[in-house]
Amino acid sequence: MHLVAPSNIVVGSLVWVEDPEVAWIDGEVKEVNGEEITINCTSEKTVVAKISDVYPKDPEFPSCGVDDMTKLAYLHDPGLLQNLKCRYDINEIYTYTGNILIAVNPFRSLPHLYDNHIMEQYKGAAWGEMSPHPFAVADSAYRKMINEGISQSILVSGESGAGKTESTKMLMRYLAYMGGRANKPEERSVEQKVLESNPVLEAFGNAKTVRNNNSSRFGKFVEIQFDQRGSISGAAIRTYLLERSRVCQVSDPERNYHCFYMLCAGAPEDVEKYKLGNARTFHYLNQSNCYELDAVDDSKDYLATRRAMDVVGISQAEQDAIFRVVAAILHLGNVDFAKGQETDAAEPKDDKSRFHLKTAAELFMCDEKSLEDSLCKRVIVTRGESITKSLDPDAATVSRDALAKIVYSKLFDWLVDKINVSISQDPGSKFLIGVLDIYGFESFKTNSFEQFCINLTNEKLQQHFNQHVFKMVQEEYKKEEIDWSYIDFVDNQDILDLIEKKPGGIIALLDEACMFPRSTHETFAQKLYQTFKDHKRFSKPKLARTDFTICHYAGDVTYQTELFLDKNKDYVVPEHQALLGASKCSFVSSLFPHLPQESSKSSKFSSIGSRFKQQLQVLLETLSATEPHYIRCVKPNNALKPAIFENNNVLQQLQCGGVMEAIRISCAGFPSRKVFSEFIVRFAILAPEVLCWSYGEVTAIKRILEKSNLSGYQIGKTKVFLRAGQMAELDACRSEVLGRSASVIQRKVHTYLGRKHFVLLQLSVIQIQALCRGQVARHQYEGMRREAACLNIQKHLRKFLARKTYKNLCFSAVSIQAGMRGMTARNDLLSRKQTRAATLIQSHCRQFLASLHYLRLQKAAISTQSAWRARVARRELRKLKMAAKETGALQEAKSKLEKQVEELTRCLQLEKQMRVDLEESKNQENARLQSALDKMQLEFQETKELLIKECEAAKNSAEQVPVFQEVPVVDDELMSRLTADNEQLKALVSSLEQKIDETEREYEEYRNQESARLQSAVQKMELEFRETKGSLMKEREAAKNSAEQVPATHGVPPIDDELMNRLTAENEQLKALVSSLEQKIDETERMYEEYRNQESARLQSAVRTMQLEFRETKGFGMKECEAPNNSAEHVLATQEVPVIDDELMIRLTVENEQLKALVSSLEQKIDETERKYEEYRNQESARLQSAFHKMQLEFQETKGFLMKEFEAAKNCAEQVPSAQVVPVIDDELMNRLSAENEQLKALVSSLEQKIDETERKYEEYRNQESARLQSALQKMQFEFQETKGFLMKECEAARNSAEQVAAAKEVPVIDVELMNRLIADNEQLKALVSSLEQKIDETERKYQQSVNQESARLQSALHKMQLEFQETKGLLTKECEATKNSAEQVPVIQEVPDVDDELMNRLTAENKRLKALVSSLEQKIDEIESRFDETNKVSEERLKQAMDAEMKIIELKTTMQRLEEKILDMETEDQILRQQALLSAPSRTMSEHLSIVASGVSYI
C-alpha cells in the first residue's frame, strides 16, 4: 500500500527500505545518485535502492507509539508496522485505526488489563478518551444502543489463533458488567449463564489446529438482548457449520475436539463406567501424535465443563447421557471391518472390534446385532419389496464414520438449544447487541470442504466490511454533494459470484454433482475446469488432477476435491435413524426423532453448502439491521509464542483485513461530521452574533469556521464535514472562551476565599504560637527532669556494675573448682569402664570360637547325609522312567485329559444358560414392579378422590348443622365491668376528638386575628410614611426656592478653592462608602434569606420523607398483623356450645386496663402539646407586638427629627440678608468643619468593620446551623430506624405467638355474641386511634405552616424596615448635599466684618444635628445586628421546638402502634381458639383417609 509519496530525499534523511527478511528496515541516506540512493541500515549493512521504493521515517516518532494510527505523521506500511511493534513490545496490544480496533495476540496472560477496576474506568468514557481496549468498543455499542435506540453488532475477525475467542469473552464480560441486574443470591443471571456457556461450547466445538491450540471449529453469533432500561433480559446463541469431519479424521499435529481428551482424563469412576482408557488407544484420537497441550490439564477442564453444565441448567442425568454418547463415538471408531463369509460382505474384524461394538451398543442402549447390521448392510426400498444389500469393509467403515459424525453433530445442536433455553431468550426485547466470533481465513497443505465454507464466510464478511466502512462513507459524500475525490478499493463481489451464483457457481455445481449417483470428485473437478477456465479468480494447479485454486481476498488457496461430495451431502442413513430413534435411552432417542413416513420416502436432497449459504444470508441480514463495530485480531507470529513480532505476517493480515483502506479513507476524507443544528448549538459561542435571526444555518456555520481560522472543510446539504483534527481545534477554541468567562467568576470567589483564609490563618497563627511557647516551656522542664534522672541512673548503674563484677568473679572461682573435681571423678569412672569392657570382650571371643567349631562339625554331617540321599533318589528315578514307557499309562493320561475338556465345556454352557435365565428373570421382575407401581398410582388417585369427596361432605354437613341456643355461663359482673370500661374508653376517645377539634378552631381564629392585625398595622405605617415623604418633598422644594432667591454680589472674591475642592472630594468619598455599605447590607440580607429558605426546604423534605417511611412501615406492620387475623376469620362455626374461659377473660381484662392507660397517656401528651403550642403562640404574639411598637416609636422619632431639621433650614434660609455685603464663615469654623468630616470618615470605616464582623458572624452561624441540622436529622433517622425495627420485631413476635398456640382436645370457646361485640369495640377503638393519628399529623402540618408563615411575615417586616431606612438615609444625604451647595454659593468679600453670632450658633447647631444623625445611623445599624442575632436565636428555639414535637409525635405513633398490635394479638388468639375447636371434630372423621393418603405419598 502506498499511501504517502516519498518526499525530497537528501543526504542524512531517515528512510525505510524493503528487506526480504523483516519486510522493512530503517536507515540513513549516505549518498544520492540521481534516482538511486545509498542507505546505511541500522542492521549495519549498506543497501542501494531507488527513491520511489523508499519511504520517509518520522524522526520525532514517540518511543511508545500512538494509540490511533490515523494520527501518524507518515501513513505507510513501515510506519504502521513500527507503531504496532512499539506498542506490542510494551504490552500495549490494542490500537485504534479510526473506528476499528486492532488487537494483537500477546500469547501471554495480561490480567491487569481486564479486571473490574479497568471496566469501571471505561464506563461512560468517550471514544478515544481512554487507551484502546475492547471495553471501549463494547461501551460505545452499549451507549449508542441506549441513546439512539438502534441495535448494535460487534464483528470480531482474524486468522485462526489471532485471539478472536478471547476478545469475544472480554466483550461479553463488559456487556454483562454494564447491563447486569440484581438477582436472588441462589439464581444465576442471564449474563452469567452466557459467560458460563463458553466452556461448554469450547469443550465440544474447539480443537487444536496447526495455528491455534484452542481454535473454534464453528461460527458463533451471540445475541445479547436488552430491555428498555438497558438491562440484559435474554440472550441467544447461533452456531454455523460445525466441522463434522474432524470427529473421524485428524491430521498431525492437530487434535480432535477437546471433549474426547477431557473424558479420557476425567474422574476414574467415569473412565471405568464408560470403559475408556488412554487416548492413544482410540482410532479417532491416535491419527495424530498430539495428545496433550502445554499448560492445559484435561482433567481439570473436565471438572470445569461439568460445573459449567450445572450452571446452564443441564441436569446430572443429561450430563451422564452426553458423555455416554461421547464415549460411544470413541468406541465406535475402534470397530474395524474385514471381509465376511459372503461375497462383498463385511463383519467386525476381531474380538477387539466386537468388544468395542458391544460397548458402543450398551452406551447407545440399543441392540448390538442391530447396530452391526446398520453398519454392514443397507436396505433398498423398491415399489413392491425391500432388498438388503451387504456392504464391503470400506463402505462399512464409511458408514461407521457417517454415524459418528451425525451423532456428534446432533449432540452439538442439542447443547446449543439447551443453552438457549437455559439463558431464557426475551422475545419482547427491543434492542440487542450481537457479538460475532467466527473462524478466520484458513489455508493449509490440505484444504477440504470445511476450509472452502470458512473462506466463503470470510469473503461475505469482508464484503460487509467494505460496504459499511468504504461504500457508506463515499455514498454519504455523494448524498451531501460535497467536493471530494472518489477512492477505489478492492471489491470481492466477483469471488462471491464465482462461489455462490445461481446457476453456474461452485456450490450450485457441487449440489448438482451430489444429486447424480455416478458423480465422482474427478467429474466434479472436470466440470469446474470447463466452466471457469477463463475466470480470473479461478485456476488449476499444474501438477494436480482434481485440485483447484481460488484467488481469495486474503490470498490464493488450493482446495482438494476428494471429499467434497461426501461432506456436502446432508442426510441421515435410514438404518442409523431407526436404530438410534428406538434406543432405550431417552436422550439418544430424542436426538433422532422419528420422521414422517412420507418425508422418509421422498428424501428430498439437501446439501451442507446450500444450508450454510442460507444461514450465512440470515446472519448478514441480522448484521445489516444493526450498526456494526469492528475488531480486527492479528496474530504476530505462527509459532504461537510471546515477544515475537513477524512483520511480513502482520502486514499481510492488515492488508487482508482492510485496515489500510480504512486509514486512507479516514484521513483522505472527512472523519468528523455534524448536523447543522448540532454544530451551531455546540459552537455558537465562538461567534455569538450568529444567534440572530438574520443568519441562516449555512451562513452561521461559515461565520463560525472563518473566525476559527479553519480551511479545507466542506459544507453539505445537512451536515458540515471537517478534516482530521479540526473538531479538536474547535473544541479547544470553545473551551478557551468558556475558560475566560469562568476566570472572572473565579477571581471574585478567590478574593472572598483568600480573605476568609487569611482571617482563619491569623487566628491559627496565634493559637500555634501559644502552643509553641507552651511546648518550649514543657521541653525545658522535661530536660531538667531528664538531667536529674540521669544523675540518679548513673549512680545506681555504677553500683549495679560493681556488684555484678564481684558476683562474676565469685561465680568463676566456684565454677573452676567444680570443673576440676568433676574431671578427676570422670577419669576414675573411665578407667573402671575400660576394665569391665576388656573382660566382656574376652568372654564373647571364647564363646564365638567354641560356636564356630560346633557349626563346622554340623555342616560336615549334613553334607554326608545329602550325598547319600541323592544317590538313593537317582536310583528311584531310573525305576520311574522305565515304568512311564509303558503304553497303558499314556492311554490313561489321555482319557483323563478328554474328561477334563468335556467337563469344562459343560460348565461353560451351564454358565451361559444361567446368564440368560438371570436376564429373563430381571426383565420379569422389572415388569412386575412397573405393574405394581401403576396399580399403586391408581389406588392413590382413588384415595385422593375419596378424600376430596369426604371433605366436601363434611363441609356440607357443617353448613347444615342447626344452630343451638347458646347457654350463657358468663360472669355478669365481669361482663358489665368490661362493657363499662369500653364505654369509658369510647368517651375518652370522643373527648380527645373534641379537644383536637377545639384546638384546631382556636388556631384558625388566632391566625385570622393575627392576619387582620398585621394588615392594619402595615397599612397604617404605609400611610404615615407617605405623609412624611410628602412633607419632606415639600420642605426640600421650599428650601431650594429660598436658596435660589439669594442674589449674587458683584466684585466679591470667592472662598479658598483648594479647601472647598478637598471637602467636596471627601464628601464624594463618603457617598461612595455609604453606597458600598448599603450594597453589603443588601447582599448579607439576601444570603441570609436564601440560606434560610434552603434550610427550611431541606428540613421539610427530610420530615416528609421520614413521615412517608413511617407510614410505609406502619402499613407493613398492619398487613403483617392482619394476615393471621384474616386467615383465622375463615374458620367455620362449631356445633359445640361456647363457654367462657376464665383465664382468657382475665387476660382480656388486663388488656382493657392497658388500653385505658394508653389512652390516658395519649390524652396527657395531647394536652401537653396544646399547652406548649399556646405558650409559643402567646410568646410570638407578645414579641411581634413589642417589635411593631418599637418600630412605630422609631419612625415617629425620625419623622419629628426630620421635621425639626427642615424647619431650622427654612428659617436659616429666610434670615439670610439680601445685602450686597455677605458675611463669610470664620477660619476657625472651617477647621471645625474639616475635623467633623474626618470624624465622619472614621465613623464610616467603623461601620464597614461592623458590617464585616456581621458577615463573619453570619457565616459562622450558617455553618453551626448546618452541622446542627445534620446531626438532628441523623438522630431522627436513627430513632426512626430503631422504631421501624422494633415494629418489625413486634409483628414477628405476634405471628410466632399465634403459630405456637397448641391445639387442645376440648377447648371451651367464649360467648360468640359477646366476642363479636368486643371485636367490634376493638375495631372502633382502632379506627378512633387511626383518626387520632391523622388529626395529630394534621396538627403537626398546621403547626409547621404557622411556623413558616411567621418566618415569612418577620422577614417581610424586616425587609420593609430596611427599605424605609434606605429611603430615609437617601433623603438625609440629599439634604446634606443641598446644604453644602447653598454654602458653596455664598460669596466672600475681601473685607470681613464681624460674624453674625446668631448665624454661627445656627450653623453650630446644624453640625451637632448632623453628628446626632450619624450616631442615630450607628444605633440603627447596631439594632439591625441585634435583631439579626435575636432572629438567629428564635430560629434555633423554633428548630428545637420542632424537633421536640417530632420526637413526641414519634413516641405517640409508637405507642399507638403497640396498642394496635396488642388488639390484633387478642383477635388472633380468639380466632385460633375457634379454629382449634372446629378442627377437633372433623379431624377424627378424616384421620383414616389422611393416614391412607400419607402412606401413599410416603411410598411414592
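Quick look at the structure, then. This one's a predicted model, so the numbers in the text were calculated from it and none came from an experiment.

1. So, the pattern of salt bridges
This structure, assessed with the given rule, holds 34 salt bridges. Between Arg 238 and Glu 223 there is a salt bridge, with its nearest N and O atoms 3.6 Å apart. Highlighted residues: Arg 238 in strand 12 (residues 232-240) and Glu 223 in strand 11 (residues 219-226), separated in sequence by 15 residues. A residue is classified by how much of its surface remains accessible, and Arg 238, at 30% relative accessible area, is partly exposed.

2. Let's talk about the sheet that holds strand 3 (residues 36-41)
The strand order across the open sheet built from five strands is 4-3-2-1-5, with neighbouring strands paired in antiparallel fashion. Of all the strands in the sheet, the pair left with one neighbour each is strand 4 (46-50) and strand 5 (55-56). Two strands pair when backbone bridges link them, and strand 1 (residues 14-19) and strand 2 (residues 23-33) are joined in this way by six bridges, in the antiparallel orientation. Bridge assignment links Asp 19 to a residue of strand 2, and that residue is Ala 23. Across the sheet, helix 1 (residues 77-89) is in contact with strand 1, strand 2 and strand 5; its angle to strand 2 comes to roughly 130°.

3. Details of the environment of Cys 86
In this fold, Cys 86 is placed in helix 1. In sequence terms Cys 86 and Val 66 are 20 residues apart; their C-alpha atoms lie 9.2 Å from each other. With near-sequence residues (within four places) excluded, Cys 86 lies in contact with Phe 61, Ser 63, Cys 64 and Gly 65.

4. Focus on the pairing of strand 11
Extensive coverage of strand 11 is indicated by the burial of eight of its eight residues. The pairing of strand 11 with strand 12 spans eight bridges and is antiparallel. Paired with Val 222 across the two strands is Ile 237, which belongs to strand 12. Linkage of strand 11 to strand 12, two consecutive antiparallel strands, is achieved through a turn of five residues, within which Gly 230 is found at a positive phi near 85°.

5. What about the nonpolar core?
With 133 residues, the main nonpolar core has Phe 204 and Phe 260 as its most contacted residues. Broken down by element, this core gets its largest block of residues, twelve residues, from helix 12 (residues 393-422). In this structure, Leu 496, Ile 506, Tyr 529 and Phe 532 belong to the second largest nonpolar core, which totals 46 residues.

6. Overview of unusual backbone geometry
Omega for the peptide link from Asp 252 to Pro 253 comes to 5°, which places this bond in the cis form. By the element assignment, Pro 253 lies in the loop between strand 12 and helix 6 (258-264). Cis geometry marks the peptide bond from Lys 502 to Pro 503, where omega comes out at -20°. The backbone phi angle of Asn 91 is positive, close to 65°, even though this residue is not glycine. Within the element layout of this structure, Asn 91 appears in the loop between helix 1 and strand 6 (94-97). A relative accessible area of 26% means that Asn 91 is categorised as partly exposed.

7. As for the packing of aromatic side chains
If you walk through the whole model with that rule in mind, you get 25 aromatic pairs. Both rings, one in Phe 532 and one in Phe 538, keep their centres 5.5 Å apart while their planes meet at 50°; by these two values the pair is tilted. In this structure, Phe 532 and Phe 538 share a single accessibility class: buried. In textbook terms, an aromatic cluster arises when at least three aromatic residues are bridged by ring pairs, as seen for Phe 449, Phe 452, Phe 524, Phe 532, Phe 538, Phe 548, Tyr 559 and Phe 564. The ring centre of Tyr 261 lies 4.0 Å from the NZ or CZ of Arg 255, which sits over that ring.

About the criteria used
- Residues numbered from 1 in each chain as written.
- Predicted model: local features only at pLDDT ≥ 70, side-chain atom pairs only at ≥ 80, totals over all residues.
- Heavy atoms only, no water.
- Salt bridge = Lys/Arg side-chain N within 4 Å of Asp/Glu carboxyl O.
- Helix = DSSP H or I, 4+ residues; strand = E, 2+ residues; numbered from the N terminus.
- Buried < 20%, exposed > 50% of the residue type's maximum accessible area, 1.4 Å probe, protein only.
- Pairing = 2+ DSSP bridges.
- Contact = heavy atoms within 4.5 Å.
- Axes fitted to C-alpha atoms, helices over the stretch in contact; angles between N-to-C directions.
- Core = buried A, V, L, I, M, F, W, Y, C linked by side-chain atoms within 4.5 Å.
- Phe/Tyr/Trp six-rings, centres within 6.5 Å; stacked < 30°, edge-to-face > 60°.
- Lys NZ or Arg CZ within 6 Å of the ring centre and 35° of its normal.

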